[in-house]
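In case you want the letters, here they are:
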Amino acid sequence: MIVGAQWGDEGKGKIVDLLAQEADVVCRYQGGPNAGHTIIADGETWKIRQIPSGVLSGKVSVIGAGCVVDPQVFLDEIDHLESRGVSTEPVRLSGNAHLIMPWHVAIDRASERRLGKLQIGTTRRGIGPAYADKASRIGIRVQDVLDAKILREKIEVALAEKNVWLERVYEVEPFELEEVAGAYAEHASRLAPHIADTSLLVDESLRDGKHVIFEGAQGTLLDLDHGTYPFVTSSNPVASGGATGSGIGPNRLDEIVGVAKAYVTRVGEGPFPSEIEGERQAQVRELGGEYGTVTGRERRCGWLDLVALRYAVRVNGITSLALTKLDVLSAFDELPVCVGYLLPDGTETPHFPAHQSDFHHCRPVYESLPGWRAPLDDDLPGAARRYVEFVEEQLGVPVPLVGTGQERERILRAPVAR
Ligand code: IMP
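The structure presented is a predicted model; accordingly, all values stated were derived computationally and were not measured.

(A) Structural detail: the site of the ligand. Not every one of the 16 residues close to the ligand is listed here, only the nearest: D9, N34, T123, T233 and R297. Separating an oxygen atom of the ligand from a side-chain N or O atom of T233 is a distance of 2.6 Å. Calculation on the ligand without its partners gives an accessible area of 470 Å², and the protein chains cover 96% of this total. Looking at the shell around the ligand, its residues break down into seven nonpolar, seven polar and two charged. Residues lining the shell around the ligand come from more than one domain, with at least three contributed by each of domain 1 (2-83 + 198-413) and domain 2 (98-194).

Next comes the structure, spelled out in structure tokens:
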């Protein structure tokens with residue numbers, strides 16, 4: 001299980017790509033085209049949104065029941081991968097995953113516009129409205145495309161309500177039944193060969209002794225239940241979501257690898273205690289290329305927050321941590337690391353606040369570690385090694401993987417001797 005330990009964009013794609021070399025199956029279990037995994041391999045850059053990144057290594061690539069799928073994005077991605085010589089034959093799509101319909105995208109956009117200053121800063125891909133319909137039991141699932149009559153009926157029922165909302169509440173254009181039904185009927189024939197019982201597939205793979213990787217999208221602090229609500233996504237990126245979202249028992253997950261950047265980034269709105277003040281934030285953004293894969297938005301940048309990471313270790317049951325982009329910190333003489341939060345009542349805590357007001361108003365307590373001011377190669381400079389050791393000591397989990405550059409090869413295994 002590979003899970004984001006911060007606010008997403010931790011570099012999970014790179015770690016999945018590395019571990020996928022030794023895996024048979026790679027499975028996504030939540031989220032949809034709001035994710036954006038960037039992988040740089042053999043001088044080529046891949047940006048993947050909907051399909052598990054294991055597809056690049058020819059692995060069976062599963063989109064589980066807990067995902068939401070935009071068929072247009074999915075099929076465009078299939079075409080794009082095929083056009084660059086990647087076979088998409090092993091892509092498997094759960095019939096229980098929910099479809100993102102055009103009105104979900106329209107409602108996501110309109111509702112953010114309407115919220116104005118209070119907006120969540122979503123990726124505007126229809127994620128929240130699709131999951132809301134799923135919870136309301138009026139969603140349309142992938143398997144519905146297999147029966148043209150059922151599909152048309154469901155679209156008709158949905159539009160009867162959604163068009164009223166779109167026109168009267170959001171004051172935007174309604175959708176035409178025939179147009180939507182026609183487009184989705186066309187998608188159906190191309191989706192059909194990929195639709196499978198993915199819970200059974202994953203279970204049988206595990207029973208056969210195969211190696212399955214679960215690939216989380218977004219991150220712990222964007223989790224609907226455990227993240228910084230309401231500035232979260234509408235699914236469960238945390239590790240236990242992997243069992244629900246793929247349809248296996250939680251006892252089948254043996255190793256849980258948290259992925260964290262050596263600093264922190266956040267896209268969208270919401271509190272961010274270790275956000276860097278002054279011009280060093282822009283410096284980190286430039287050095288780290290911190291612009292959204294899906295939206296192109298500037299990411300907010302902060303110093304490493306060990307309070308939030310301690311929380312991620314707890315809520316995911318992280319057994320080891322991959323620390324990515326350590327090279328970005330090579331430019332600094334000293335590196336503040338957030339070890340505690342100072343709460344509004346004057347007390348200091350190492351724990352993530354349970355109450356939102358404490359989190360909104362806390363101040364970071366920093367310990368300053370020396371920088372290394374040198375490029376990173378196979379042998380980490382002493383101060384860089386100390387940085388990694390400090391994270392291990394503070395969190396009580398090993399850090400066996402450290403990212404030192406963009407390319408697939410730029411990753412150190414077990415850089416700190418124990
Ligand atoms: P949504 O998932 O599009 O509804 O967006 C909800 C929140 O999650 C917003 O703050 C987004 O910026 C954030 N978010 C969604 N997907 C990602 C991601 O892959 N990386 C980072 N942030 C994300």
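(B) Fine view of the side chain of N163. Residue placement: N163 occurs in helix α5 (residues 148-169). Using a relative accessible area of 13% as the deciding quantity, one classes N163 as buried. Once residues within four sequence positions are removed from consideration, N163 is found in contact with P174 and F175.

(C) Region of interest: the domain arrangement of the protein chain. Splitting the protein chain by domain gives domain 1 (2-83 + 198-413) and domain 2 (98-194). In this structure, domain 1 and domain 2 have C-alpha centres spaced 29 Å apart. With 29 residues of domain 1 at the contact, the number on the domain 2 side is 21 residues. A buried area of about 2,000 Å², summed over both sides, lies between domain 1 and domain 2, and 61% of it is on carbon and sulfur atoms. Of all residues in domain 1, V68, P71 and L75 bury the most surface against domain 2, accounting for 27% of the area lost on that side. A salt bridge links R190 to D79; the nearest nitrogen and oxygen atoms lie 2.7 Å apart. At the surface where domain 1 touches domain 2, the tally comes to eight residue pairs in polar contact (both at pLDDT 80 or more). Where the side of domain 1 that touches domain 2 is concerned, the elements lending two or more residues are β6 (68-69) and α2 (71-83). Per-element accounting of the side of domain 1 that touches domain 2 gives the leading share, six residues, to α2.

(D) Broad picture of the sheet that holds strand β16 (residues 348-349). Reading across from one edge, β16-β15-β17 is the order of the three strands in this open sheet, with antiparallel pairing throughout. This sheet does not close on itself; its edge strands, each paired only once, are β16 and β17 (363-370). Judged from the eight bridges that link them, strand β15 (residues 334-342) and β17 form a sheet pairing that is antiparallel. Each residue of the ladder has a partner; that of Y341, found in β17, is P364. Across the sheet, helix α10 (residues 306-316) is in contact with β15 and β16; its angle to β15 comes to roughly 65°.

(E) Here's a closer look at unusual backbone geometry. The linkage connecting Y229 with the following residue, P230, adopts the cis geometry, with an omega of 5°. Positioned with a positive phi, Q218 is a non-glycine residue whose angle comes to about 55°. Within the fold, Q218 resides in the loop between β10 (212-215) and α8 (239-246). What makes Q218 buried here is its relative accessible area of 9%. With a phi angle near 50°, R373 is a residue other than glycine that sits in the positive phi range.

The rules behind these values
Residues numbered from 1 in each chain as written. Predicted model: local features only at pLDDT ≥ 70, side-chain atom pairs only at ≥ 80, totals over all residues. Heavy atoms only, no water. Near = heavy atom within 4 Å. Polar contact = N/O pair within 3.5 Å; in protein donor to acceptor, adjacent residues only side chain to side chain. Areas by Shrake-Rupley, 256 points an atom, 1.4 Å probe, with all protein chains shown as cover. Nonpolar A, V, L, I, M, F, W, Y, C, P; charged D, E, K, R; others polar. Domains from an automatic or database assignment. Helix = DSSP H or I, 4+ residues; strand = E, 2+ residues; numbered from the N terminus. Buried < 20%, exposed > 50% of the residue type's maximum accessible area, 1.4 Å probe, protein only. Contact = heavy atoms within 4.5 Å. Buried area = accessible area lost by both parts, 1.4 Å probe. Salt bridge = Lys/Arg side-chain N within 4 Å of Asp/Glu carboxyl O. Pairing = 2+ DSSP bridges. Axes fitted to C-alpha atoms, helices over the stretch in contact; angles between N-to-C directions.

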